[in-house]
Amino acid sequence: MTTSTRDTESRNGSARRGTGDRQPHLFPRQATLRTIPRLQAGYRHDVPAAVAAVARLRREAGRDVYSSPTGWGLDHLEALTHLREEQRQRDEKQHEGQPAPQHVSSTYRERAEREAESQDQAVHLAVTLWALHQQSLRDEPMHVSGWPLGRAVRRLAHGKTGVQDPPTAPNASREGAEDKRGDSEPVEEISATVRKRFVRIGTSTDLETLGVRLREMVLLLRASRIPLDYGLLADQLYLWQDENRRDDARRAWGREFHFTYGKNGGRGSDEGSTPPLNEVPLDFTSADAGD
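Remember, predicted model here, so these are calculated numbers, not experimental data.

### As for helix α2 (residues 26–44)
Right, so step 1: Along its 19 residues, α2 runs 27 Å from first to last C-alpha, staying within 8% of the 27 Å computed at 1.5 Å per residue.
Right, so step 2: In terms of residue burial, α2 counts as a mostly covered element, since 14 of its 19 residues are buried.

In structure tokens, the structure reads:
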């Protein structure tokens, strides 16, 4: 094989790889964070279009993505489409001037289709869970970055509400104050019932069962006004669908549950968090409300 032939095949291989090497696990988080913060802000402002959009999402909870015609055109699925198109354009620009691939294998096409389906499922489940979580709550956001599933469940299992504990009494000892900071209570003192529900989430073996068990947990979190980081959850749900990486998602949930978070939130970042209500651009239209 000549050097010229090898170079041509290398270029063709790079062009074929395009979408395959683009870290698709980033898409679920990105699509979720393009959708929830805007809807959350509008819902909390009681913007009619946002309220209608969230109600529509709640009706899709428990339904498989694209299986219900009433779910066609939902905003989070459109966000995924835009992300894929943006990636396609970047790929084309990157390989501009190179020979187009002569053949794309059926194996590659099948992998790309499975990848897209897993992205769709992960984002759809995460966003519809959030719609249930936020229902009837206007004063607090239920999507908050830095609140992974394990952390939220541990706080619920300790019988707490919201995201902050009452302030320590002024005359409390320094050691006592240290003991009360953050979500640091002994894991042995958690609710056995909540722990069992969390374990059942971890032992789910199919997406439908996982969705049912997550919805049950989300309703409990809503009652206690404990939020979740839905961008992170979408990433984990995408990972979970790959049987070769499912244990990675389970391990993440376990680590989150056992990690001790400080009073100010520990490891969370501000990515995707909801801005103050008076700083949110309310650019909703009738299209957001759907049917």
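### Re the side chain of Q134
Right, so step 1: Looking at the element boundaries, Q134 is found in helix α5 (residues 106–134).
Right, so step 2: We classify Q134 as buried; its relative accessible area is 0%.
Right, so step 3: One polar contact links the side chain of Q134 to the main-chain amide nitrogen of M142, over a distance of 2.8 Å.

### Considering the environment of L228
Right, so step 1: Tracing the chain through its elements places L228 in the loop between α9 (207–224) and α10 (230–240).
Right, so step 2: For L228, a relative accessible area of 2% translates into the label buried.
Right, so step 3: Each C-alpha atom of the pair L228 and M142 lies 6.2 Å from the other, and the pair is 86 residues apart in sequence.
Right, so step 4: Once you skip the residues sitting within four places of it in the chain, L228 turns out to touch H133, M142, H143, V144, W147, P148, L149, A152, V218, L221 and L233.

### Remarks on the pattern of salt bridges
Right, so step 1: Throughout the structure, instances matching the rule amount to ten salt bridges.
Right, so step 2: One salt bridge in this structure joins R200 and E216, with 3.6 Å as the shortest N-O distance. Taken as a pair, R200 in helix α8 (residues 192–202) and E216 in helix α9 lie far apart in primary sequence, 16 residues in all.
Right, so step 3: Accessibility expressed as a relative area gives 36% for R200, which makes it partly exposed.
Right, so step 4: Classification of E216 as partly exposed rests on a relative accessible area of 30%.
Right, so step 5: Its salt-bridge partner being R245, residue D248 comes within 3.5 Å of it at the nearest N-O pair.
Right, so step 6: When salt bridges that share partners are traced, they join D139, E140 and R225 into one network.

### Section: unusual backbone geometry
The bulk of non-glycine residues show a negative phi, and the bulk of peptide bonds are trans.
Right, so step 1: Phi at D46 is positive, roughly 65°, even though this residue is not glycine.
Right, so step 2: Tracing the sequence through the fold places D46 in the loop between α2 and α3 (48–60).
Right, so step 3: On the accessibility criterion, D46 (48% relative accessible area) is partly exposed.

### Concerning the confidence of the model for the chain
Right, so step 1: The predicted model of the chain averages 77 in pLDDT, with 67% of residues at 70 or higher.
Right, so step 2: This stretch, residues 1–22, has a pLDDT under 50; its non-local contacts, to residues over four places away or in other chains, come to 25 contacts.
Right, so step 3: Here residues 267–291 scores under 50 on pLDDT; set against residues more than four positions off or in separate chains, the count is 46 contacts.

Conventions and cut-offs
- Residues numbered from 1 in each chain as written.
- Predicted model: local features only at pLDDT ≥ 70, side-chain atom pairs only at ≥ 80, totals over all residues.
- Heavy atoms only, no water.
- Helix = DSSP H or I, 4+ residues; strand = E, 2+ residues; numbered from the N terminus.
- Expected span 1.5 Å × (residues − 1).
- Buried < 20%, exposed > 50% of the residue type's maximum accessible area, 1.4 Å probe, protein only.
- Polar contact = N/O pair within 3.5 Å; in protein donor to acceptor, adjacent residues only side chain to side chain.
- Contact = heavy atoms within 4.5 Å.
- Salt bridge = Lys/Arg side-chain N within 4 Å of Asp/Glu carboxyl O.
- pLDDT = per-residue confidence, 0-100.

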